Amino acid sequence: MRMLKSGIALILALSLAGCGVGAGNDEVTQTFDANENTAAVVKNGEYVPDEGSHDFSNTDGDQADPGIERAGYKLVWSDEFGGDYKDDNVDPVTGLDLDMWSPQLGDGTTDCGLQGWGNNELQCYTADPANIGVNEDLDGDGQGDGYLRITAQYEEAKYKYADESEKEYTSARLRTTSPDAALFTTTYGYVEARIALPCVKGAWPAFWMLPESKNIYGTWPVSGEIDIMETTGINTEMACGTLHWGAPTHVYKGSGYVKLDSDISRFHTYAVNWEPGRIAWIYDGKEIAALADWESGFAGASSNLAFDAPFDTPFYLILNLAVDSGRFGGSDNYADFKGKADMFVDYVRVFKADEGYADSVVKGDNSDQSSDWKQYEGVAQIAPITMDCVVNDVPNGNVNAIEPDGNADPAKWYLAYQNDSKNATAEAVDIDGTAWAKVGVNSVGSQNYSTQLIGHYNAMSGFTYRISFDAFATNSMVGKKVNCSSKEWKGWSTFGTTDFELGAEPEHFAFYINQTDDFEDCRIEFNLGSVGLGEVYISNVDVQIVDPAEASEDNAPHKMLKKGNYIYNGDFSQGEGRVKYWETDDNTVINVPRFTTEALSDKDVKVMDVASRLIGETEDGYKYYERRAEITSQGDAFIYQPKMNIPAGDYVLTFDIKSDEDLNIEADICRITDKDVLTVKSASASAAYSAEDGLKSVELNISLKEDVEDTALGLRFEGARKVWLDNVSLKAGE
């Protein structure tokens with residue numbers, strides 16, 4: 001931990017070997033000269049802010065540092081940017097502690113395979129002193145002032161990293177992980193920074209978090225993202241926080257833009273209190289928003305992941321200042337500045353609750369859903385597409401701009417587009433007596449929202465909605481996947497989304513959402529960009545409030561999943577306790593821990609949680625996330641999965657198993673009554689397991705002579721007191 005600001009210029013302790021001079025243990029000291037290394041920032045011994053950046057000669061509007069003491073919490077990690085880094089590996093040019101922060105470089109192409117970092121950003125990130133500085137003399141008194149500076153600046157001669165594209169802007173992006181090691185990660189905690197942001201058009205600063213591992217839930221967005229704070233240079237008195245996840249496509253909810261007590265160029269504290277099942281945003285000590293109702297999943301799964309996935313694994317911190325092409329802030333925030341924009345960070349601190357955090361949490365059961373849905377039965381909640389309802393002349397395609405003032409007409413459907421799809425078109429056409437909205441996608445664009453068709457309705461909390469529509473396409477849009485979502489325009493909260501593949505002939509599509517918030521002028525968005533060119537036709541859009549039972553598939557017979565598996569939740573990742581669809585007899589208990597501290601296999605997913613090591617939760621900080629079922633019993637352990645419909649044929653049952661005892665395994669396709677009574681066995685298979693085998697993959701052949709309905713797969717482990725089980729699969733044999 002670094003908790004004190006230095007009142008003097010940064011002193012670096014460097015080993016001679018680290019300087020490339022020679023081997024040895026002697027230390028030398030080096031003073032970081034802000035004037036020499038950051039000439040573009042500090043002139044004649046004094047920091048001169050560009051218009052819109054923080055003025056250190058004026059403290060009006062700065063929110064006070066709340067200090068390192070927080071009731072009920074322990075400070076576990078911090079960087080106060082005071083230069084007192086002792087024996088850490090410190091960059092001698094920028095002063096950045098490289099044991100705490102790792103700069104990312106380039107335009108995203110080399111780093112993550114996404115030019116423009118996935119957002120068409122205009123900057124190239126560097127580790128240069130023009131873009132990064134720590135503990136510089138910003139007030140001209142000859143002493144370091146204890147701040148991190150991140151500068152985005154115009155490069156008249158262009159800037160190029162490696163073999164990437166030339167950029168007119170440079171900036172910096174710092175994270176607490178590196179390609180080689182996790183520098184700091186945490187699962188849960190109170191994460192806070194005190195930051196001054198630039199009021200410069202084109203600035204897109206952020207303080208956020210990403211998961212350390214992509215091997216638990218997969219890649220973004222299913223793996224999750226926590227945006228503690230982000231804003232734009234034109235939103236001079238506002239900032240917002242957002243969660244991103246997948247269900248299974250991209251979903252996000254957040255605070256929406258919140259007004260601060262002074263403009264963003266003044267110092268404000270931005271924080272999240274991240275707890276199991278609840279994430280709250282706290283700006284300047286006040287809770288501005290909280291979420292506790294996300295549902296995450298992935299394509300092909302039988303149900304959502306166990307709550308509170310994906311926000312139950314180690315995340316690292318990021319500080320960056322992007323340069324906006326209008327992707328985030330709209331065309332009004334398109335960068336055209338020729339100087340610089342400065343972001344200053346006073347500190348970053350992470351606290352953990354004294355009482356610790358629960359091992360698991362249960363999401364609400366939607367019991368607050370309105371039971372009076374029948375009064376709305378059959379009532380259209382959104383205006384239909386008609387021959388006079390399509391609006392295609394909103395300035396710059398910026399539908400965002402007309403919504404805050406209530407100027408979005410709920411009887412209209414609007415064409416919206418980004419800068420890279422300005423030539424998009426929309427009109428209403430009659431096809432065999434039915435009105436269709438015809439949207440011309442004439443530029444692919446870089447995002448799915450580069451071209452959109454948007455309608456509005458008033459969403460009411462507690463109800464289940466069915467959203468349905470017809471669609472088809474022409475030219476290269478045929479065969480391409482696009483999506484439809486229900487979205488709160490103000491806070492970017494997405495209440496539902498579905499991907500659908502466009503065909504050359506009209507098809508009907510439908511999906512359900514459980515509405516958790518009241519919101520006027522909620523959007524229905526058809527996101528048609530980034531996949532192809534051609535025309536997309538949309539008609540018969542209908543939004544209805546329906547019986548919640550209509551949207552639930554839990555009580556329906558289980559059919560084969562897309563990947564050919566008849567077993568639901570065979571990897572024990574879904575539902576409450578991660579055991580959805582599985583049942584036991586009265587003597588058996590299933591437990592699926594969020595993580596373990598020991599691996600059963602060298603293939604187990606291992607993730608470093610640095611905070612866990614710092615507080616003594618784990619000895620070495622490593623957590624294992626294979627999520628196996630731990631099955632215990634006083635006698636024979638017995639688990640089963642009911643409600644299965646399986647056609648006649650030959651099948652292969654596979655699963656991974658480990659036990660400390662020798663045992664016999666019996667698998668039955670059967671009916672079950674009174675939990676532990678097997679009746680009407682349709683097929684059986686058995687295998688012996690030896691404790692000497694350790695973690696072993698078992699394969700059993702099962703043959704069904706006739707179709708079975710409403711049946712179960714039962715697994716009995718004879719003589720086992722404890723069994724670890726994973727990756728259960730029942731597929732047709734080849």
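Draft legend 1. How the structure looks around the overall build of the chain. Per the secondary structure count, the chain includes four helices and 45 strands. Relative to its full complement of 734 residues, the chain shows a buried share of 55%. Total accessible area on the chain is roughly 30,300 Å²; 44% of this is exposed by carbon and sulfur atoms.

Draft legend 2. Representation of the sheet that holds strand β33 (residues 534-546) within the structure. With antiparallel pairing, the five strands of this open sheet are ordered in space as β25-β26-β33-β28-β31. Unpaired on one side and paired on the other, β25 (425-431) and β31 (507-514) mark the two borders of the sheet. Between one strand and the next, the sheet's axes are offset by a mean angle of 30 degrees, whatever the strand orientation. Taken together, the nine bridges between strand β28 (residues 464-473) and β33 define a ladder with antiparallel strand orientation.

Draft legend 3. Focus on unusual backbone geometry. A cis amide bond, omega 15 degrees, links Phe-307 with the succeeding residue Asp-308. Of note, Asp-308 is situated in the loop between β20 (286-291) and β21 (315-323). For the peptide bond that leads from Ala-309 to Pro-310, omega is 5 degrees, which places it in the cis range. Its place among the elements puts Pro-310 in the loop between β20 and β21. Even without being glycine, Asn-540 reaches a positive phi, approximately 55 degrees. Examined against the element boundaries, Asn-540 turns out to sit in strand β33.

Draft legend 4. Quick peek at the sheet that holds strand β40 (residues 649-659). In spatial order, the strands read β35-β38-β45-β40-β43; together these five strands make up an open sheet with antiparallel pairing. Strand pairing shows two members of the sheet lacking a second neighbour, β35 (588-591) and β43 (696-704), which therefore form its edges. Averaged over all adjacent pairs, the angle separating strand axes in this sheet is 30 degrees, with direction ignored.

Draft legend 5. How the structure looks around the side chain of Ser-325. Positionally, Ser-325 belongs in the loop between β21 and β22 (340-353). Owing to a relative accessible area of 4%, Ser-325 belongs among the buried residues under this scheme. Residues in contact with Ser-325, not counting those within four places in the same chain, are Asn-119, Asn-120, Leu-122, Tyr-334 and Asn-419.

Draft legend 6. Broad picture of the side chain of Gln-381. You can see Gln-381 is positioned in the loop between β22 and β23 (390-391). Separated by 3.3 Å, the side chain of Gln-381 and the backbone oxygen of Val-379 make a polar contact. Beyond its immediate sequence surroundings of up to four residues, Gln-381 is in contact with Tyr-376, Tyr-457, Met-460, Tyr-465, Val-543, Gln-544 and Ile-545.

Draft legend 7. Representation of the pattern of salt bridges. Per the stated rule, a full pass over the model turns up 26 salt bridges. For Lys-201, the salt bridge goes to Asp-336, with nearest N and O atoms at 3.4 Å. With Lys-201 in the loop between β12 (189-196) and β13 (203-211) and Asp-336 in the loop between β21 and β22, this residue pair connects regions lying 135 residues apart in the sequence. Exposure remark for Lys-201: the relative accessible area of 34% places this residue in the partly exposed category. We note a salt bridge from Arg-523 to Glu-525, for which the minimum N-O separation is 2.5 Å.

Draft legend 8. The nonpolar core, seen in detail. In terms of nonpolar packing, the biggest core is built from 63 residues, with Leu-148, Ile-195, Phe-207, Ile-226, Tyr-270, Leu-319 and Val-348 touching the most fellow members. Each residue touching Leu-148, except ones within four places of it in the same chain, is listed here: Phe-81, Leu-96, Ile-132, Gly-133, Val-134, Leu-174, Leu-319, Met-343, Phe-344 and Val-345. In terms of nonpolar packing, the next biggest core, distinct from the first, is built from 41 residues, Val-390, Leu-415, Phe-469 and Phe-511 among them.

Draft legend 9. Just the environment of Asn-273, in detail. Structurally, Asn-273 is set in strand β18 (residues 268-275). Given a relative accessible area of 11%, Asn-273 falls into the buried group. Expressed as a C-alpha distance, the spacing of Asn-273 and Glu-287, which sit 14 residues apart in the sequence, is 9.3 Å. Sequence-distant contacts of Asn-273, defined by excluding residues within four places in its chain, comprise Tyr-73, Gly-189, Tyr-190, Arg-278, Ile-279, Ala-280 and Ile-282. A distance of 3.1 Å separates polar atoms of two side chains, one belonging to Asn-273 and the other to Tyr-73.

Draft legend 10. Representation of the pairing of strand β45 (residues 722-732) in the model. Note: strand β38 (residues 629-633) against β45, four bridges, orientation antiparallel. Bridging across to β45, Thr-632 finds its partner in Lys-722.

Draft legend 11. Spotlight on the confidence of the model for the chain. For the chain, mean pLDDT is 88; residues scoring 70 or higher make up 90% of the total. Every residue in residues 1-40 scores below 50 in pLDDT, and together they form 95 contacts with partners more than four places removed in sequence or on other chains.

What counts, and where the lines are drawn
Within each chain, residues carry numbers counting from 1 in the order of the written sequence. Side-chain atom pairs in this predicted model are given and counted only at pLDDT of 80 or more, local residue features only at pLDDT of at least 70, and totals for whole chains, interfaces and linings cover all residues. The side-chain values count all of the structure's non-hydrogen atoms but skip hydrogen atoms and water molecules. Every helix listed is a DSSP run of H or I at least four residues long, and every strand listed is a run of E at least two residues long, numbered separately from the N terminus. Here the term buried applies to any residue with accessible area under 20% of the maximum for its type, exposed to any over 50%, and partly exposed to those in between, with areas from a 1.4 Å probe on protein chains only. Surface accessibility follows the Shrake-Rupley procedure with a 1.4 Å probe radius. Residue values consider only the protein chains on display as shielding. The pairing criterion for strands is at least two bridges between them, as found by DSSP. All axes here are fitted lines through C-alpha atoms, helices being fitted over the stretch that makes contact, and every angle between N-to-C directions spans 0 to 180 degrees. Contact criterion: two residues are considered in contact whenever any of their non-hydrogen atoms come within 4.5 Å of each other. Any pair of N or O atoms that falls within 3.5 Å is considered a polar contact. Within protein, one atom must be able to donate a hydrogen and the other to accept it, and sequence-neighbouring residues count only if both atoms are side-chain atoms. When a carboxyl oxygen of Asp or Glu is within 4 Å of a side-chain nitrogen of Lys or Arg, the pair counts as a salt bridge. To qualify as a nonpolar core, a set must consist of buried Ala, Val, Leu, Ile, Met, Phe, Trp, Tyr and Cys residues joined through side-chain atoms within 4.5 Å. Residue-level confidence of the predictor is summarised by pLDDT, bounded by 0 at the bottom and 100 at the top.

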